[in-house]
Amino acid sequence: MSDTNAAVTGPEPRLIVEQGLDRRVAEIIEPVLEAMDFRLVRVRLMNQNGQTLQVMAERNDGTMTVVDCEAVSMAISPVLDVDDPIPGAYHLEVSSPGIDRPLVRRSDFVRWQGHIVKCETSVMLDGRKRFRGRIAGADENGFTVERTDIAYGESPVVIVPFTALAEAKLILTDDLIREALQADKKAREAANQNDETDETDSI
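Given the structure is predicted, the values throughout are model-derived calculations rather than measurements.

Criteria and thresholds
Residues numbered from 1 in each chain as written. Predicted model: local features only at pLDDT ≥ 70, side-chain atom pairs only at ≥ 80, totals over all residues. Heavy atoms only, no water. Phe/Tyr/Trp six-rings, centres within 6.5 Å; stacked < 30°, edge-to-face > 60°. Helix = DSSP H or I, 4+ residues; strand = E, 2+ residues; numbered from the N terminus. Buried < 20%, exposed > 50% of the residue type's maximum accessible area, 1.4 Å probe, protein only. Expected span 1.5 Å × (residues − 1). Bend = angle between axes of the 7 residues up to and from the residue. Contact = heavy atoms within 4.5 Å. Pairing = 2+ DSSP bridges. Axes fitted to C-alpha atoms, helices over the stretch in contact; angles between N-to-C directions. Parallel < 35°, antiparallel > 145°, perpendicular 65-115°, else oblique. Left-handed = near helix turned anticlockwise from the far one by under 90°. Nonpolar A, V, L, I, M, F, W, Y, C, P; charged D, E, K, R; others polar.

I'd like to hear about the packing of aromatic side chains, residue by residue, with values.
For any pair of aromatic rings, geometry is given as the distance between the ring centres together with the angle between the planes. Scanning all chains against the criterion turns up 3 aromatic pairs. With 5.4 Å between their ring centres and 55° between their planes, Phe-109 and Phe-162 make a pair best called tilted. Linking Phe-109 in helix H3 (residues 106-111) with Phe-162 in the loop between strand S7 (157-161) and strand S8 (165-170), this pair joins segments that are 53 residues apart in sequence. The buried category is assigned to Phe-109, whose relative accessible area is 0%.

Given below as structure tokens:
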């Protein structure tokens, strides 16, 4: 399977996008996030605590700190105030995608190969729309799932075309937690080295 990151020029588009009001909000804030070198993962307006607008975002390396969340919140709040797409009062909540994260870009499926995913399709595949299993591979057209929820007579493997994907999310496992923490540690160490280099250059 090829690494889809190599084929991407410019910001990588999401495979799964919002509908209705959520989509309008995403269209407003995504250019702001991209200008700050963040990627939008998901927008969702929820009826909790009145109305809560949940914005999931991350840096291109997959990290998202509390400081990053605050910076994104401060950047998108005035833009949303100007466009005012949401009727009534709401609470803005900016967060990282989390470890058991939604997978919304082709590169997400490449990045998290070997881990367990739960996904739903917009059309029937092998007699069903919901699948759970290990991501065995991914290319520009879709991803392969080694299924853990096989019923009698079903194929142990299913290929899910990206054009048929409606939703996908990683399932929390010990291996996923371990790898996510290791990746986060490496990204933070790299960021700290870059900061130290910048400080040295400025002297």
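On we go.
I'd like a description of helix H1 (residues 20-35), backed by residues and values.
With 16 residues, H1 ought to run about 22 Å at 1.5 Å a step, and its terminal C-alpha atoms sit 24 Å apart, in line with that. Where H1 bends most, at Ile-29, the angle is about 35°, and the proline Pro-31 comes one to four residues later. Summarising the contacts, the buried residues of H1 are in contact with strand S1 (38-46), strand S2 (52-59) and helix H2 (66-83). One or two positions beyond H1, positive phi appears at Asp-37, with a value near 65°.

With reference to specific residues and values, describe the side chain of Asp-68.
Structurally, Asp-68 can be placed in helix H2. Sequence-distant contacts of Asp-68, defined by excluding residues within four places in its chain, comprise Phe-38 and Arg-59.

Describe the pairing of strand S6 (residues 142-147), with residues and values.
Most of S6 is tucked away: 5 of the 6 residues are buried. In this sheet, S6 lies alongside strand S5 (residues 128-138) in antiparallel orientation, the contact comprising 5 bridges. Bridge pairing links Ala-138 to Phe-143 in S6. A loop of 3 residues connects S5 with S6, the two strands running antiparallel in sequence. Pairing analysis gives 5 bridges linking S6 to S7, with the strands arranged antiparallel. Bridging across to S7, Phe-143 finds its partner in Val-160.

Please give an account of H2 that cites residues and values.
Quick reminder: α-helices carry 3.6 residues per turn. Residues three or four places apart thus point the same way. Between its terminal C-alpha atoms H2 stretches 26 Å, which fits the 26 Å expected from 18 residues at 1.5 Å a residue. In this fold, the buried residues of H2 make contact with H1, S1, S2 and strand S3 (91-95). Two residues or fewer after H2 comes Asp-84, characterised by a positive phi angle close to 50°.

Requested: an account of the packing of H1 against H2, with residues and values cited.
Close contact between H1 and H2 brings their axes to 10 Å; oriented N to C, the two are set at 135°. Comparing the axis directions of H1 and H2 gives the class oblique. Here the hand of the crossing between H1 and H2 comes out right-handed. Across the interface between the two elements, Arg-24, Val-25, Ile-28, Ile-29, Val-32 and Leu-33 of H1 pack against Val-72, Ala-75, Ile-76, Val-79, Leu-80 and Asp-83 of H2. Here the residues of the contact of H1 with H2 sort into 10 nonpolar, no polar and 2 charged.

Give a detailed account of the sheet that holds S3, specifying residues and quantitative values.
With mixed pairing, the 3 strands of this open sheet are ordered in space as S1-S2-S3. Strand pairing shows two members of the sheet lacking a second neighbour, S1 and S3, which therefore form its edges. For this sheet, the mean angle separating the axes of adjacent strands, direction not counted, is 20°. Where S1 and S2 come together, 8 bridges link them in antiparallel fashion.

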